[in-house]
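# Coordinate analysis (summary)
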Amino acid sequence: MVLSQALCTLTELTLSLMAQAKLGATGLVVLSAVFIGIRARHSRLAVGAVVVFLFLMSQA
């Protein structure tokens, strides 16, 4: 349980640092929407944010 939470937190931190380095504030907002959608179990928000994030990363 603790290991999975630590791994999840480390993954969130790594992805947010990558997004901030390449996309700035926009990447952080989109990445935050992904994690909020996953934690709130709103699959439409999470999937939509992932699609936007992938699009932005492909353009960066």
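The shown structure was predicted, so the numbers you read here are calculated from the model rather than taken from an experiment. (Residues numbered from 1 in each chain as written. Predicted model: local features only at pLDDT ≥ 70, side-chain atom pairs only at ≥ 80, totals over all residues. Heavy atoms only, no water.)

This paragraph deals with the overall build of the protein chain. When you go through the protein chain residue by residue, the secondary structure sums to 3 helices and 0 strands. Counting from the amino terminus, helix and strand elements in the protein chain follow one another as α-α-α. Seen through its principal axes, the protein chain has C-alpha atoms that stretch 35 × 25 × 15 Å. A separation threshold of at least 6 residues defines the contact pool for the protein chain, and within that pool the share at least 24 residues apart is 35%. For the protein chain, the accessible surface area stands at approximately 4500 Å², while carbon and sulfur atoms represent 71% of it. (Helix = DSSP H or I, 4+ residues; strand = E, 2+ residues; numbered from the N terminus. Contact = heavy atoms within 4.5 Å. Areas by Shrake-Rupley, 256 points an atom, 1.4 Å probe, with all protein chains shown as cover.)

Moving on: the confidence of the model for the protein chain. Residues at a pLDDT of 70 or more form 92% of the protein chain, whose mean pLDDT is 78. Put simply, helix α1 (residues 2–23) is where the protein chain has its lowest mean pLDDT, 76, and helix α3 (residues 43–59) is where it has its highest, 81. (pLDDT = per-residue confidence, 0-100.)

Let us look at a nonpolar patch on the surface. Together, Leu10, Leu13 and Leu17 give the surface a local cluster of nonpolar side chains, amounting to about 290 Å² of exposed area. Checked against the element boundaries, Leu17 lands in helix α1. For Leu17, a relative accessible area of 48% puts it in the partly exposed group. (Patch = residues over 30% accessible without salt bridge, like charges linked within 9 Å, V, L, I, M, F, W, Y side chains within 5 Å. Salt bridge = Lys/Arg side-chain N within 4 Å of Asp/Glu carboxyl O. Buried < 20%, exposed > 50% of the residue type's maximum accessible area, 1.4 Å probe, protein only.)

What follows covers the packing of helix α2 (residues 25–39) against α3. In contact at an axis separation of 8 Å, α2 and α3 are set at 150° when each is read in the N-to-C sense. Viewed along their axes, α2 and α3 adopt a mutual orientation that is roughly antiparallel. Considering how the two elements wind past one another, α2 and α3 form a crossing that is left-handed. Judged by residue contacts, Thr26, Gly27, Val30, Leu31, Ala33, Val34, Ile36, Gly37 and Ile38 of α2 engage Leu45, Ala46, Ala49, Val50, Val52, Phe53 and Leu56 from α3. Split by residue class, the contact of α2 with α3 holds 13 nonpolar, 3 polar and no charged. (Axes fitted to C-alpha atoms, helices over the stretch in contact; angles between N-to-C directions. Parallel < 35°, antiparallel > 145°, perpendicular 65-115°, else oblique. Left-handed = near helix turned anticlockwise from the far one by under 90°. Nonpolar A, V, L, I, M, F, W, Y, C, P; charged D, E, K, R; others polar.)

Right, let's talk about unusual backbone geometry for a bit. A positive phi angle is found at Arg41, which is not glycine, with a value near 60°. Inspection of the secondary structure puts Arg41 in the loop between α2 and α3.

The next point concerns the nonpolar core. With 6 residues, the main nonpolar core is built from Val30, Leu31, Val34, Phe35, Ala49 and Phe53. Contributing elements (two or more residues each) for this core: α2 and α3. No other element matches the 4 residues that α2 contributes to this core. (Core = buried A, V, L, I, M, F, W, Y, C linked by side-chain atoms within 4.5 Å.)

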